[in-house]
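So you can see what is in the structure, the chains are spelled out below.
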Amino acid sequence: MQAHLNGFGILNNEDAYSKSEIKEIHIQQENDELSGRYAEIKINSASDNLISLIIKNGKIIDFAEDGAYLGAYDKDEHFPKETRAKILNQ
């Protein structure tokens, strides 16, 4: 991890923040069908990867690779995170 950060010139949180860029903000169009209000903030990270911050009812609840399905968070906002953990721990 440290070698990866060094390769992109990231020495601390401020470096990561200053080298990242917000690309898009999406508001979930199916809000009438879902129990929460969702948004996705797409960020081009300092390592040139597109990631998404997942927002539910104004609160950041998760992050994901680009292309997250926001409806997956509707019944259980922790489900995608728990699913990732299970896959990574296999």
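These numbers come from a predicted model, not from an experiment. (Residues numbered from 1 in each chain as written. Predicted model: local features only at pLDDT ≥ 70, side-chain atom pairs only at ≥ 80, totals over all residues. Heavy atoms only, no water.)

A. Structural view of the pairing of strand E3 (residues 50-56). Relative to E3, strand E2 (residues 38-44) runs antiparallel, the two being bridged by 7 bridges. Within E3, the residue paired with Ile41 across the bridge is Leu53. As consecutive antiparallel partners, E2 and E3 are separated by 5 residues, and within that stretch Asp48 has a phi angle of approximately 65°, a positive value. In this structure, E3 lies alongside strand E4 (residues 59-65), joined through 6 bridges in antiparallel fashion. If you follow Lys56 over to E4, its bridge partner there is Lys59. Counting the residues in the hairpin turn of E3 and E4 gives 2 residues, including Asn57, whose phi is positive at 50°. (Pairing = 2+ DSSP bridges. Helix = DSSP H or I, 4+ residues; strand = E, 2+ residues; numbered from the N terminus.)

B. Just the pairing of E2, in detail. For E2, the buried fraction is high: 7 of the 7 residues fall into the buried class. Here 6 bridges tie strand E1 (residues 21-27) to E2, and the two strands are oriented antiparallel to one another. Residue pairing across strands places Glu21 opposite Asn44, the latter belonging to E2. (Buried < 20%, exposed > 50% of the residue type's maximum accessible area, 1.4 Å probe, protein only.)

C. Up close: the pattern of salt bridges. According to the stated counting rule, one finds 4 salt bridges in the structure shown. Here Lys23 and Glu21 are joined by a salt bridge, their closest N and O atoms 3.8 Å apart. Between Arg84 and Asp62 there is a salt bridge, and its shortest N-O distance comes to 2.8 Å. Taken as a pair, Arg84 in helix H3 (residues 79-88) and Asp62 in strand E4 lie far apart in primary sequence, 22 residues in all. (Salt bridge = Lys/Arg side-chain N within 4 Å of Asp/Glu carboxyl O.)

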